[in-house]
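# Descriptive analysis of the structure
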Amino acid sequence: MENKFMRVEEVAAELGVSASYAYKVIRRLNDELKAKGFVTIAGRINRQYFNERVYGLGKEDHNNVRS
């Protein structure tokens, strides 16, 4: 089963950035989620939300992506 949350190391690797910048990205995305009323975890980001915001993938698009 795939983990629903990404940690900073995974975000940094996915984006090709430093860990400190990945923390900034996670913080920004978590702030967006908090503003929408969601509970967030510091240093982690929901994988689905990350994909939607970074790649523009919605629920329907995410299922059709080929590796």
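So, here's what we can say about the structure. (Residues numbered from 1 in each chain as written. Predicted model: local features only at pLDDT ≥ 70, side-chain atom pairs only at ≥ 80, totals over all residues. Heavy atoms only, no water.)

## Section: the nonpolar core
- Core analysis: the largest hydrophobic core is formed by twelve residues, namely Met 6, Val 8, Val 11, Ala 12, Ala 22, Val 25, Ile 26, Leu 29, Leu 33, Ile 45, Tyr 49 and Phe 50.
- Going through the elements one at a time, helix H1 (8-15), helix H2 (19-35) and helix H3 (47-55) are the ones with two or more residues in this core.
- Those residues within four positions of Leu 33 in sequence are excluded, and the remaining contacts are Phe 38, Thr 40, Ile 45 and Tyr 49. (Core = buried A, V, L, I, M, F, W, Y, C linked by side-chain atoms within 4.5 Å. Buried < 20%, exposed > 50% of the residue type's maximum accessible area, 1.4 Å probe, protein only. Helix = DSSP H or I, 4+ residues; strand = E, 2+ residues; numbered from the N terminus. Contact = heavy atoms within 4.5 Å.)

## Notes on the side chain of Asn 30
- Of note, Asn 30 is situated in helix H2.
- For Asn 30, a relative accessible area of 6% gives the class buried.
- Of note is the side chain of Asn 30, whose polar atom sits 2.9 Å from the backbone oxygen of Arg 44.
- Residue contacts for Asn 30: discarding those within four places in its chain leaves Thr 40, Ile 41, Arg 44 and Ile 45. (Polar contact = N/O pair within 3.5 Å; in protein donor to acceptor, adjacent residues only side chain to side chain.)

## A word on H2
- Compared with an ideal rise of 1.5 Å per residue, which puts 17 residues at 24 Å, H2 spans 24 Å between its outermost C-alpha atoms and is within 8% of the ideal.
- Burial in H2 covers these residues: Ala 22, Val 25, Ile 26, Leu 29, Asn 30, Glu 32 and Leu 33. For H2, the angular spread of buried residues about the axis comes to 155 degrees, placing them on one side. Every exposed residue of H2 that faces more than 90 degrees away from the buried side is listed here: Lys 24, Arg 28 and Ala 35. (Expected span 1.5 Å × (residues − 1). Arc of directions from axis to C-beta.)

## Let's talk about the pattern of salt bridges
- In this structure the tally under the stated criterion is three salt bridges.
- In this structure, the salt-bridge partner of Glu 10 is Arg 47, at a minimum N-O distance of 2.7 Å. You can see Glu 10 sitting in helix H1 and its partner Arg 47 sitting in helix H3, a full 37 residues away along the chain.
- The buried category is assigned to Arg 47, whose relative accessible area is 13%.
- Between Glu 32 and Arg 28 there is a salt bridge, and its shortest N-O distance comes to 3.8 Å. (Salt bridge = Lys/Arg side-chain N within 4 Å of Asp/Glu carboxyl O.)

## Some points on the packing of H2 against H3
- Look at H2 against H3: their axes get within 11 Å of each other, and the N-to-C directions meet at 105 degrees. Taken together, H2 and H3 sit at an angle that is classed as roughly perpendicular. Contact with H2, carried on its side by Arg 28, Leu 29, Glu 32 and Leu 33, involves Tyr 49, Phe 50 and Arg 53 of H3 and no other residues of that element.
- Of the residues belonging to the contact of H2 with H3, the class tally is four nonpolar, no polar and three charged. (Axes fitted to C-alpha atoms, helices over the stretch in contact; angles between N-to-C directions. Parallel < 35°, antiparallel > 145°, perpendicular 65-115°, else oblique. Nonpolar A, V, L, I, M, F, W, Y, C, P; charged D, E, K, R; others polar.)

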